[in-house]
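# Architecture at a glance
This is what each chain is made of:
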Amino acid sequence: HELRTPLAAIKGFSENLLEGFTGPLNTKQETAIRRINTNSDRLTRLISDLLDLSQIEAGRLRLHLTQVSLKAVAEEVVEHLQPLLAAKNQQVHILNTQSEFIIMADRDRVTQILLNLIHNASKFTPEGKNIGITSSFQNQGWASISITDPGPGIPENALPNLFDPFFQAHRDQE
């Protein structure tokens, strides 16, 4: 609960800024503050989920399903990671077969997953190399999304533990 109080203050101040209480904003400032507002909403929802950890561990995580544009989420995540990508002279190419790729999903979870995957791809991709994101529809209404990079990959002996909580594969495990 101690996390909610400062988060509520951040949300309140960002809304006040957007409503013009401190004066007019230029387009770049408004975009940044809207992003702060969106991320504070996401953080509020994540905190709520963490406070109910027993629900998560029991496999009863509440998903907030809405129509989600995979391309829009990917673009948002890439923009968020731009400082990290620029520092390593990396680019992310979003390759979709359809211009508007809409799925029913929990936007926050999709954002969280893409953020983690692209961050990891950047971390293990050599400087100056590119990362790709591809999405496609599969059979029976399923969608898939792939992140590709020229990094070293996951050691084969780490694959059985890949989805264990807090597991990290290291290249020296081979």
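Residues numbered from 1 in each chain as written. Predicted model: local features only at pLDDT ≥ 70, side-chain atom pairs only at ≥ 80, totals over all residues. Heavy atoms only, no water.

### Some thoughts on the pattern of salt bridges
Oppositely charged side chains can pair when the atoms bearing their charge come close. Spelled out, the test is: The salt bridge definition used is simple: a Lys or Arg side-chain nitrogen within 4 Å of an Asp or Glu carboxyl oxygen. Helix and strand definitions here come from DSSP, where helices need a minimum of 4 consecutive H or I residues and strands a minimum of 2 consecutive E residues; each element is numbered from the N-terminal end.
This model, assessed by the stated rule, comprises five salt bridges. For Glu 15, the salt bridge goes to Lys 11, with nearest N and O atoms at 3.3 Å. Of the two residues, Glu 15 and Lys 11 both sit in helix α1 (residues 4-18), four residues apart, roughly one turn of that helix. Glu 79 serves as the salt-bridge partner of Arg 35, at 2.7 Å between the closest nitrogen and oxygen. Taken as a pair, Arg 35 in helix α2 (residues 27-51) and Glu 79 in helix α4 (residues 70-80) lie far apart in primary sequence, 44 residues in all.

### Some remarks on the packing of α4 against helix α6 (residues 107-124)
Describing two packed helices takes the angle between their axes plus the distance from one axis to the other. Filter applied, for reference: Axes here refer to lines fitted to C-alpha atoms; in helices the fit is confined to the stretch in contact. Angles between the N-to-C directions go from 0 to 180 degrees. Orientation is classified from the angle alone, with under 35 degrees giving roughly parallel, over 145 giving roughly antiparallel, 65 to 115 giving roughly perpendicular, and any other angle giving oblique. Definitions for this section: a left-handed crossing has its near helix turned counterclockwise from the far helix by less than a right angle. A right-handed crossing has that turn clockwise. Any pair of residues with heavy atoms lying within 4.5 Å of one another is described as a contacting pair. The classification used treats Ala, Val, Leu, Ile, Met, Phe, Trp, Tyr, Cys and Pro as nonpolar, Asp, Glu, Lys and Arg as charged, and all other residues, Gly among them, as polar.
At a minimum axis separation of 9 Å, α4 and α6 run at an interaxial angle of 50°. Judged by the angle between their axes, α4 and α6 are oblique. Every pair of crossing elements has a handedness; the one defined by α4 and α6 is right-handed. Where α4 approaches α6, its residues Leu 70, Val 73, Ala 74, Glu 76, Val 77, Val 78 and His 80 are matched on the opposing element by Arg 107, Val 110, Thr 111, Leu 114, Leu 115 and Ile 118. In the contact of α4 with α6, the residues fall into nine nonpolar, two polar and two charged.

### A look at the side chain of Lys 11
Using the following cut-off: Residues adjacent in sequence count toward polar contacts only when both atoms are side-chain atoms; beyond that, a polar contact is any pair of N or O atoms within 3.5 Å, and within protein one must be able to donate a hydrogen and the other to accept it.
A distance of 2.7 Å separates the side chain of Lys 11 from the side chain of Asp 41, its partner in a polar contact. Setting aside residues up to four positions removed in sequence, Lys 11 forms contacts with Asn 37, Ser 40 and Asp 41.

### Some details on the confidence of the model for the protein
For the record, the criterion: The score called pLDDT rates the predictor's confidence residue by residue, from a low of 0 to a high of 100.
On average, residues of the protein score 84 in pLDDT, and 89% of them reach the 70 mark or higher. Model confidence for the protein, summarised as mean pLDDT per element, is weakest for helix α3 (residues 53-57) at 65 and strongest for strand β1 (residues 65-69) at 92.

### Comments concerning α6
The condition is simple: Multiplying one less than the number of residues by 1.5 Å gives the expected span of a helix. Categorising residues by exposure relies on relative accessible area from a 1.4 Å probe, with only protein chains included: less than 20% of the type maximum marks a residue as buried, more than 50% marks it as exposed, and the intermediate range marks it as partly exposed.
Its 18 residues place the ends of α6 26 Å apart at the C-alpha level, agreeing with the 26 Å of an ideal helix rising 1.5 Å per residue. Buried within α6 we find Asp 108, Arg 109, Val 110, Thr 111, Leu 114, Ile 118, Ala 121 and Ser 122. At the N-terminal end of α6, a side-chain oxygen is found 3.1 Å from the backbone nitrogen of Asp 108, two or three residues along, and the residue is Asp 106.

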